[in-house]
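# Breakdown of the fold
Okay, here's what each chain looks like letter by letter:
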Amino acid sequence: MTTGFWHQVRAVIDRDLLRERRQGDMLWITIPFGAIALLLIPLAIGTDAVLLREIGPGMYWVIVMLFGVLVAVSRASRETLPQQDASALLGLDPAAGFVGRTASSAVFLLIFEVVVGVVAVGLYDISLIGIGWLVTTMLLVAIGLALLGTLTAAIVNSSTAGAALVPLLVAPLSVPLLLGATQTYDGLQGGYSILSWVLLMVAVVLVVSIIGVLTARPLQET
Amino acid sequence: MSDWGWVTFAYGVAYGSLALYALSIVLRIRTARREIGDNE
Amino acid sequence: MQSQVRIRRWPWVAIALSLAVAFTLSMISPADSVQGDLVRIMYVHVPAAWLAYTAFFVTFVGSVAYLVTKNLRWDRIAAASAEIGVYFTGLALSLGMIWAKPTWGVWWTWDARLTFTFIMFFVYLGYLALRRTTDDPIARASRSSVLGILGAIQIPLVHFSVLWWRTLHQPPSLIRPDGPAIQDSLMLAALIVGVLAFTIVYVALMVKRIELIHLEEKRLAVEQSIRRPVAGEAVTAPELGAS
């Protein structure tokens, strides 16, 4: 069963990546949307370079959290009941489905973070001290947000107002990720310990993974 | 506003909102009972 | 529809009596040496906050119990408690702000506990919104149970993150006077009776709210059992499995 499990995970990832290659809503909608948000902020609050350098990292992470949710929103609006039934009939392990959907979402979110990050560094002149830890943070946020989004999309989908509900459910639960990411950045800049923040993000990833895998079956049965 | 003014405000909010919430439950219960009754 | 949902009136009596006692005690207790009469706000603010946390804990227990037993009774408890918890959270936040304005001069401080409570408020607002989007009791129960568990388990992480954010990063910019020290036994009594009274209010509201859920489920069953004309009497609804 274990080989079967990872085989199924792989199949789900392949399916999601294929769909993205064909429809491209991540590449052509979510990423430009996030980038234009970064452009709008200085228009609204002023273009003072010092100010922008100060608020840049925080704005970047807020945009990652708010717009990253769109990956889960499009999933919730796409995965309809007949499709779920088909997966269940084909004998897809619900836990494998969860892991696979999370993995592909995490890949999308990482791409989103990198592209929007490049824009943010350019527009706001963000310092890249401790780039290794920054990459680690991006990875942890991508996985954590993917987990929360996938689990939430599974909770809401097939309900009428479902997809619109995803951001409301994910936003408050992603607070530890937001604080972890922004405080890690501040810690690297100020030269103080970031260990507790990194561990906090790891804890979020572990906790939501466990809940997601354990509840995959009861969620599919409904 | 005086201290007692603030206290009055706070108790007004607390007891007033509780009364409204209780009233909303009463009204919802009444509506539900009526609708079940109508359909029988 | 023979089995009637029982009408219970004792909860209203219990609420009125317990609040009357709590109110009297909080008015006759002495003023605080630092805060003056403002301390009286504490006798409603602290019980409201306490009940908010308790209610969400009950939601968590109900959610776990539902997923284990698949008995809808637990889901009703979780749902009722979440709604009452959202009410108490909103109340605790409002009362905290009313207390903060005359004490610290601002409505809101980015205090760890305040911020955390505000976030928690939104988690359960989402829980209630989720329940409204699903009609089918079984599907709704499973889905909201998962959210009830996710929310409750994520809450300690949110709590720690906000706590560290306040303590590690920037020290509170406002000079905060210490909270009122309980110097008088009557003040302690007012606080304890306040908590007890609000607990009774919580239990009473739970009884009525669960009664309401029963009625709503019954209404749904009645609606589904009746074939309503779709577009006037001339047109009948298509039936599944009809030849």
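Rules of the game
- Residues numbered from 1 in each chain as written.
- Chains lettered and ligands numbered in written order.
- Predicted model: local features only at pLDDT ≥ 70, side-chain atom pairs only at ≥ 80, totals over all residues.
- Heavy atoms only, no water.
- Helix = DSSP H or I, 4+ residues; strand = E, 2+ residues; numbered from the N terminus.
- Buried < 20%, exposed > 50% of the residue type's maximum accessible area, 1.4 Å probe, protein only.
- Contact = heavy atoms within 4.5 Å.
- Areas by Shrake-Rupley, 256 points an atom, 1.4 Å probe, with all protein chains shown as cover.
- Buried area = accessible area lost by both parts, 1.4 Å probe.
- Salt bridge = Lys/Arg side-chain N within 4 Å of Asp/Glu carboxyl O.
- Polar contact = N/O pair within 3.5 Å; in protein donor to acceptor, adjacent residues only side chain to side chain.
- Nonpolar A, V, L, I, M, F, W, Y, C, P; charged D, E, K, R; others polar.
- Axes fitted to C-alpha atoms, helices over the stretch in contact; angles between N-to-C directions.
- Left-handed = near helix turned anticlockwise from the far one by under 90°.
- Core = buried A, V, L, I, M, F, W, Y, C linked by side-chain atoms within 4.5 Å.

To continue, consider the overall build of chain A. Broken down by element type, chain A carries nine helices and zero strands. Listing the helices and strands of chain A from first to last along the sequence gives α-α-α-α-α-α-α-α-α. The buried share of chain A, taken over its 222 residues, is 51%. Partitioning the intrachain contacts of chain A with sequence separation of at least 6 by distance along the chain shows that 84% fall at a separation of at least 24. Surface exposure of chain A reaches about 10000 Å², of which carbon and sulfur atoms provide 72%.

A few words now on the interface of chain B and chain C. Counting from both sides, the interface comprises 25 residues of chain B and, opposite them, 39 residues of chain C. A combined buried area of about 3000 Å² lies between chain B and chain C, and 73% of that area is made up of carbon and sulfur atoms. At the boundary of chain B and chain C, one finds three salt bridges. With its nearest N and O atoms 2.9 Å apart, the salt bridge here joins E83 of chain C to R28 of chain B. Where chain B meets chain C, there are nine residue pairs in polar contact (both at pLDDT 80 or more). Of the residues belonging to the side of chain B that touches chain C, the class tally is 17 nonpolar, three polar and five charged.

Residue and element names in this part refer to chain A. For the pair helix 3 (residues 49-78) and helix 6 (residues 131-156), the least separation of the axes is 9 Å and the interaxial angle reads 35°. Between helix 3 and helix 6 the crossing geometry is right-handed. Contacts between helix 3 and helix 6 involve Y60, W61, V64, M65, G68, A72, R75 and A76 from the former and T137, M138, V141, L145, G149, A153 and V156 from the latter. Along the lines of polarity and charge, the residues of the contact of helix 3 with helix 6 split into 11 nonpolar, three polar and one charged.

Right, let's talk about the environment of R73 of chain C for a bit. Its place among the elements puts R73 of chain C in helix 3 (residues 72-104). For the pair R73 of chain C and H214 of chain C, spaced 141 residues apart in sequence, the C-alpha separation works out to 9.6 Å.

Opposite the 29 residues of chain C that make contact, chain A presents 34 residues. When the buried surface of chain C facing chain A is broken down by residue, R143, L150 and Q154 of chain C rank first, second and third, together holding 24% of it. At the junction of chain C with chain A, the criterion picks out zero salt bridges. Viewed at the interface, chain A and chain C are joined by three residue pairs in polar contact (both at pLDDT 80 or more). Contributions of two or more residues to the side of chain C that touches chain A are made by helix 4 (112-133) and helix 5 (137-169) of chain C. Counting residues per element, the side of chain C that touches chain A draws most heavily on helix 5 of chain C, which supplies 18 residues. Class assignment of the residues belonging to the side of chain C that touches chain A gives a composition of 19 nonpolar, eight polar and two charged.

This paragraph deals with the side chain of T137 of chain A. Residues and elements named next belong to chain A. Along the chain, T137 turns up in helix 6. Assessed through its relative accessible area of 2%, T137 is described here as buried. Within the structure, T137 has its side chain in polar contact with the backbone oxygen of W133 (distance 2.7 Å). With sequence-adjacent residues up to four places away left out, T137 is seen in contact with W61, A181, T184 and M201.

A word on the nonpolar core. Ranked by internal contacts, the top residues of the largest apolar core, which has 95 residues, are W61, L151 and V166 of chain A together with Y124, L150 and V162 of chain C. The leading source of residues in this core is helix 6 of chain A, at 14 residues. When residues no more than four places from it in sequence are discounted, the contact partners of Y124 of chain C are F56, T59, A82, V86, G148, G151, A152 and I155 of chain C. Membership of the second largest hydrophobic core comes to 50 residues, among which are I25 of chain B together with A52, L191 and L215 of chain C.

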